[in-house]
Amino acid sequence: MQFSKLSKLYEQLEATASGNELRQILADFLSETNKTHPKEIPIITQLSLGKIAPDYQSSVLGIAEKVVLKAIGKAAGRGSKEVNQLMQKVGDAGLVAENLLKTKAFTLVPIGDLTTEELYTTLHKITNIQGSGSHDHKEKILISMFQKTTGAQAKYLARIILGNMRLGVADMTVLDA
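About the thresholds
Residues numbered from 1 in each chain as written. Predicted model: local features only at pLDDT ≥ 70, side-chain atom pairs only at ≥ 80, totals over all residues. Heavy atoms only, no water. Core = buried A, V, L, I, M, F, W, Y, C linked by side-chain atoms within 4.5 Å. Buried < 20%, exposed > 50% of the residue type's maximum accessible area, 1.4 Å probe, protein only. Contact = heavy atoms within 4.5 Å. Axes fitted to C-alpha atoms, helices over the stretch in contact; angles between N-to-C directions. Helix = DSSP H or I, 4+ residues; strand = E, 2+ residues; numbered from the N terminus. Parallel < 35°, antiparallel > 145°, perpendicular 65-115°, else oblique. Left-handed = near helix turned anticlockwise from the far one by under 90°. Nonpolar A, V, L, I, M, F, W, Y, C, P; charged D, E, K, R; others polar. Polar contact = N/O pair within 3.5 Å; in protein donor to acceptor, adjacent residues only side chain to side chain. Salt bridge = Lys/Arg side-chain N within 4 Å of Asp/Glu carboxyl O. Expected span 1.5 Å × (residues − 1).

1. Focus on the nonpolar core
Grouped together as the largest cluster of nonpolar side chains are 52 residues, with contacts concentrated most on Ile72, Leu123, Leu142, Phe146 and Ile161. Beyond its immediate chain neighbours, meaning those up to four positions away, Leu142 contacts Ile63, Val67, Val68, Ala71, Ile126 and Ile161.

2. Points about the packing of helix α1 (residues 3-14) against helix α2 (residues 19-36)
Between α1 and α2, the shortest axis-to-axis distance is 10 Å and the interhelical angle comes to 165°. As summarised for this structure, α1 and α2 are arranged roughly antiparallel, according to the angle between their axes. As for how α1 packs across α2, the hand of that crossing is right-handed. Only Leu22, Ile25, Leu26, Phe29 and Glu32 of α2 make contact with α1, whose side of the interface consists of Lys5, Leu6, Leu9, Gln12 and Leu13. Counted by class, the contact of α1 with α2 contains seven nonpolar, one polar and two charged residues.

3. Side note on the environment of Thr149
Take Thr149: it is sitting in the loop between α8 (134-147) and α9 (151-162). Sequence-wise, Thr149 and Asp113 are 36 residues apart; in three dimensions their C-alpha atoms are separated by 6.7 Å. Separated by 2.8 Å, the side chain of Thr149 and the backbone oxygen of Phe146 make a polar contact.

4. Things to note about the pattern of salt bridges
Should their charged atoms come close, side chains of opposite charge can pair. With the rule as written, the count across this model stands at nine salt bridges. The residue Glu14 makes a salt bridge to Lys155 at a minimum N-O spacing of 3.1 Å. Note that Glu14 is positioned in helix α1 and Lys155 in helix α9, a separation of 141 residues in sequence. Taking relative accessible area as the criterion, Glu14 reaches 31% and is therefore assigned partly exposed. Judged by its relative accessible area of 8%, Lys155 falls in the buried class. Because the salt bridges share partners, they merge into one network encompassing Glu14, Asp92, Glu98, Lys155 and Arg159.

5. Describing α9
With twelve residues, α9 should reach 16 Å at 1.5 Å per residue; the first-to-last C-alpha distance of 17 Å fits that figure. Of all twelve residues in α9, eleven are buried; the element is thus mostly enclosed. Considered for burial, the residues of α9 that qualify are Gly151, Ala152, Gln153, Ala154, Lys155, Tyr156, Leu157, Ala158, Arg159, Ile160 and Ile161. Of the surrounding elements, those touching the buried residues of α9 are α1, α3 (41-48), α4 (65-76), α6 (93-100), α7 (116-127) and α8. Downstream of α9 by a residue or two, Gly163 has a phi angle that is positive, lying close to 75°.

Laid out in structure tokens, this is it:
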């Protein structure tokens, strides 16, 4: 499934205040997804909670907000000063990504769109990167993922990486859905 489709769900959830409506929107989406991409249901539920794995697994990305902001800046072709000023203004790395990546970044080699499965597997690969040079390697991976997104997709990608979705969706909401 394209990550853009999941991002549209997240936009709907973020705009909804009612818990009952949240559950209904999520239930409808999961039901539809179960018909077309049943293997992605566990991925979608974890990502919707801002996690990459269940709590009983120790999967930690080990990526600080500064690294995410740096990757957003490089993917958008903007300087760190501009990125940091925008971050101070809006206070959310997701909103910074959304503002700076409104249009897809130009690259010499055409890149495709991000899929939920690709996102999930890439984030799991990041958890295994350790040692000298791991910081730069993680940053390069983040840049390539941000280059495959635009607008709202970039916003939710940044929030997933940082584990702060701001959707109003908690464990019990997903279980009810």
